[in-house]
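# Descriptive analysis of the structure
Now for the letters of each chain:
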Amino acid sequence: RVCVMLYMLGAVAFEVWPVNVEDVSRDSGAEYAEKAVVGRRPVLEFVGEATETFELSGKLFPEKFGGSLWLLHAQRRAGKAVPLTRGDGTPLGWVVIEKVTEQSSRLMANGVGRMVEFTVSLKRSDAPGAGGYFSIISGQFGL
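Described below are features of the structure shown in this document. In this numbering scheme, every chain counts its residues from 1 along its sequence in written order. With pLDDT at 70 or above as the cut-off, local features in this predicted model cover only qualifying residues; side-chain atom pairs require 80 or more to be listed or tallied, and sums for whole chains, interfaces and linings still use all residues. Side-chain measures here rest on the full set of heavy atoms in the structure, leaving out hydrogens and waters.

Before going further, it helps to spend a moment on the pairing of strand β2 (residues 12-15). Side chains on a regular strand alternate between the two faces of the sheet. Strands pair, by our definition, only if DSSP identifies at least two bridges between them. Runs of E in the DSSP output that reach at least two residues are strands. Runs of H or I that reach at least four are helices, and both are numbered from the N terminus. Taken together, the 4 bridges between strand β1 (residues 5-9) and β2 define a ladder with antiparallel strand orientation. By the bridge assignment, L9 is partnered in β2 with V12. The turn joining β1 and β2, which pair antiparallel and follow one another in sequence, is formed by 2 residues; a positive phi near 60 degrees is taken by G10.

So, in structure tokens, the structure goes:
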């Protein structure tokens, strides 16, 4: 099987199948302090980057291709920053998983949906310190 990685989020690889990402959005900006000045518009002083967010949305077909979202939920529950990388190798920085939303449809007899649509909400974070790197790696490999 040939794998085409679309995105990598920590230990989760979003490939063409079984877990596919179809849509990606990114929201970034700048923060300004507003200072009143007599007789003119307020002066805007740049104070840094605004909170940057990402959303990855896709579909999963467990009956046809297998796959699940359990590892994604495990990373979310751990509450640690993980690296986000685009399929062309571009690093998009460290993020935390704020929320995973999923909707299953056309349920099979075991309650699993034939199609599972999901959205992963991410927020930009600073990279972990040296101790944090070991914690992330050991958590992913059960060390």
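Our next topic: the nonpolar core. Inside soluble globular proteins, nonpolar side chains tend to come together where they are buried. We call a set of buried Ala, Val, Leu, Ile, Met, Phe, Trp, Tyr and Cys residues a nonpolar core when their side-chain atoms join them within 4.5 Å. Throughout this description, buried means an accessible area under 20% of the type-specific maximum (1.4 Å probe, protein chains only), exposed means over 50%, and partly exposed covers the range between. Grouped together as the largest cluster of nonpolar side chains are 21 residues, with contacts concentrated most on L9, F14, L56, L72, L84, V120 and L122. Every element with two or more residues in this core is listed here: β1, β2, β3 (19-27), β6 (53-60), β7 (82-86), β8 (91-107) and β9 (113-125). Whether two residues touch is decided by their heavy atoms; if any such pair falls within 4.5 Å, the residues are in contact. Ignoring any residue separated from it by four or fewer positions in sequence, one finds F14 in contact with V4, M5, L6, Y7, L9, V19, V21, L56, L72 and F118.

Bringing the pairing of β7 into the picture now. Taken together, the 3 bridges between β1 and β7 define a ladder with antiparallel strand orientation. Paired with Y7 across the strands is R86, a residue of β7. Where β7 lies against β8, 4 bridges are found, and the strand directions are antiparallel. What sits directly across from P83, in β8, is W94.

Taken by themselves, the reported measurements are silent on function.
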